[in-house]
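# Per-entry structural report
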Amino acid sequence: MREMLPDDWRAVLKETLESPTFRKLERFVEGERKQHTVYPPEEDLFSAFRLTPYEGVRVLLLGQDPYHGAGQAHGLAFSVRPGVALPPSLVNIFKELQSDLGMPPPTSGSLVRWAEQGVLLLNAVLTVRESEANSHAGQGWEDFTDSVIRAVNAKPEPVVFLLWGNYARKKRKLIDTGRHDIIESPHPSPLSAMGGFFGSRPFSRINDALVLHGQPPIDWHLPSEATRGSRS
């Protein structure tokens, strides 16, 4: 499994990848794929890392668990393949995008274009059994993705961390707030979006932070053909 990671990410995560915890995780995921349908497909497991090289990370958006429905998850947090019905959280994300920046809601749920601009779309857990949310939680993925957050935190240039919901907010302790920016709000899910996600203006706030640090802003526009550079 580790061989599927791009070389740059393997280099910065070397210690974690060689740990007993990750070796146990590899055995677990391999066993799950033999006995069950697991998402995302194996070839899409590390899509976020392929599309967003380590040196290019400018924003880290942390999700929790991949979508567990057929054809949805393709290795990017909150993203779905073009042509797949938009999950409720993504619908709310697009509503806030429209409210924040005046952009029409995208017709495609693929967030590949964001990833290509340096937005690392990272789930805390990278695999899930079909129709069983959080079924791969507690198996070692959290240790791996905490290491990813630490590696991004170690970058010399400022990074914007986007933390939606209580689960993501717990990762604040891994981030040096003296060097990096954190933008947080309730989660965009229908259960919590009305409690402060709507109106939080994350997209303009991210761009303001990037520009303040001398970096170009993210172009958040998602054309319907935003599938360049991905199998999705």
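Here's what I pulled together on the structure shown here.

Analysis parameters
Residues numbered from 1 in each chain as written. Predicted model: local features only at pLDDT ≥ 70, side-chain atom pairs only at ≥ 80, totals over all residues. Heavy atoms only, no water. Pairing = 2+ DSSP bridges. Helix = DSSP H or I, 4+ residues; strand = E, 2+ residues; numbered from the N terminus. Axes fitted to C-alpha atoms, helices over the stretch in contact; angles between N-to-C directions. Contact = heavy atoms within 4.5 Å. Buried < 20%, exposed > 50% of the residue type's maximum accessible area, 1.4 Å probe, protein only. Lys, Arg positive; Asp, Glu negative; His and termini not counted. Salt bridge = Lys/Arg side-chain N within 4 Å of Asp/Glu carboxyl O. Core = buried A, V, L, I, M, F, W, Y, C linked by side-chain atoms within 4.5 Å. Parallel < 35°, antiparallel > 145°, perpendicular 65-115°, else oblique. Nonpolar A, V, L, I, M, F, W, Y, C, P; charged D, E, K, R; others polar. Phe/Tyr/Trp six-rings, centres within 6.5 Å; stacked < 30°, edge-to-face > 60°. Lys NZ or Arg CZ within 6 Å of the ring centre and 35° of its normal.

### Focus: the sheet that holds strand β6 (residues 181-185)
In space, the four strands of this open sheet follow the order β3-β2-β5-β6, with parallel pairing throughout. With partners counted over all chains shown, the strands left at the sheet margins are β3 (119-123) and β6, one partner each. Neighbouring strand axes in the sheet, compared pairwise and without regard to direction, differ in orientation by 20 degrees on average. On top of the sheet, helix α7 (residues 141-153) reaches β2 (59-63), β3 and β5 (160-164); it is set at about 155 degrees to β3, its chief contact. Those strands touched by helix α9 (residues 202-212) are β2, β5 and β6, and its axis lies near 160 degrees from that of β5.

### Describing the side chain of arginine 58
Residue placement: arginine 58 occurs in the loop between α4 (47-51) and β2. Glutamate 157 is the oppositely charged side chain nearest to the buried, salt-bridge-free arginine 58, at an N-O distance of 9.2 Å. Apart from the residues within four sequence positions on either side, arginine 58 is in contact with Gln117, Gly118, Val159, Val160, Leu210, Gln215, Pro216, Pro217 and Ile218.

### Concerning the nonpolar core
Formed by 68 residues in total, the largest nonpolar core has its most connected members in Trp9, Phe49, Trp114, Trp141 and Phe144. Tallying contributions element by element places α7 first for this core, with six residues. Sequence-distant contacts of tryptophan 114, defined by excluding residues within four places in its chain, comprise Ile93, Phe94, Leu97, Val119, Phe203, Asp219, Trp220 and Leu222.

### Structural notes on α9
Listed as buried for α9 are Pro202, Phe203, Ser204, Ile206, Asn207, Ala209 and Leu210. On its buried side, α9 packs onto β2, α5 (88-101), α6 (112-116), β5 and β6. Trailing α9 by a residue or two, glycine 214 shows a phi angle of about 80 degrees, which is positive.

### Observations concerning the packing of α5 against α9
The geometry of α5 relative to α9 is characterised by a closest axis approach of 7 Å and an angle of 60 degrees between their N-to-C directions. Looking at the two axes, α5 sits oblique to α9. In contact with Ile93, Glu96, Leu97, Asp100 and Leu101 of α5, α9 contributes Pro202, Phe203 and Ser204. Grouping the amino acids of the contact of α5 with α9 by side-chain chemistry returns five nonpolar, one polar and two charged.

### A closer look at unusual backbone geometry
With an omega of -5 degrees, the peptide bond between tyrosine 39 and proline 40 qualifies as cis. Here proline 40 shows up in the loop between β1 (38-39) and α4. Despite not being glycine, phenylalanine 78 has its phi angle at roughly 70 degrees, a positive value. Locating phenylalanine 78 in the fold gives a position in the loop between β2 and α5. A relative accessible area of 9% places phenylalanine 78 in the buried class. We note that arginine 201 has phi near 55 degrees; this positive angle belongs to a residue other than glycine. Among the structural elements, arginine 201 can be located in the loop between β6 and α9. Overall, the relative accessible area of 44% leaves arginine 201 in the partly exposed class.

### A few points about the packing of aromatic side chains
With the rule as written, the count across this model stands at 15 aromatic pairs. Between the aromatic rings of phenylalanine 203 and tryptophan 220, the centroid separation amounts to 5.0 Å while the plane-to-plane angle is 70 degrees, which identifies the pairing as edge-to-face. Separated by 17 residues along the polypeptide, phenylalanine 203 in helix α9 and tryptophan 220 in the segment after α9 bring together distant segments of the chain. For tryptophan 220, a relative accessible area of 2% corresponds to the buried category. Among the aromatic residues, those joined into a cluster by ring pairs are Trp9, Phe22, Phe46, Phe49, Tyr54, Trp141 and Phe144. Over the ring of tyrosine 54 we find lysine 155, and its NZ or CZ is 5.0 Å from the ring centre.

### Observations regarding the pattern of salt bridges
Enumeration according to the criterion identifies 14 salt bridges in this entry. Arginine 169 is the partner of glutamate 184 in a salt bridge, and the nearest nitrogen-oxygen pair spans 2.9 Å. Of this pair, glutamate 184 sits in strand β6 while arginine 169 sits in helix α8 (residues 165-169); the two residues are 15 residues apart in sequence, bridging distant segments of the chain. Assessed through its relative accessible area of 26%, glutamate 184 is described here as partly exposed. The class for arginine 169 is partly exposed, based on a relative accessible area of 27%. Here glutamate 184 and arginine 172 are joined by a salt bridge, their closest N and O atoms 2.4 Å apart. With a gap of 12 residues between them, glutamate 184 in strand β6 and arginine 172 in the loop between α8 and β6 connect regions that are remote in the sequence.

Purely geometric numbers; function is a separate question.
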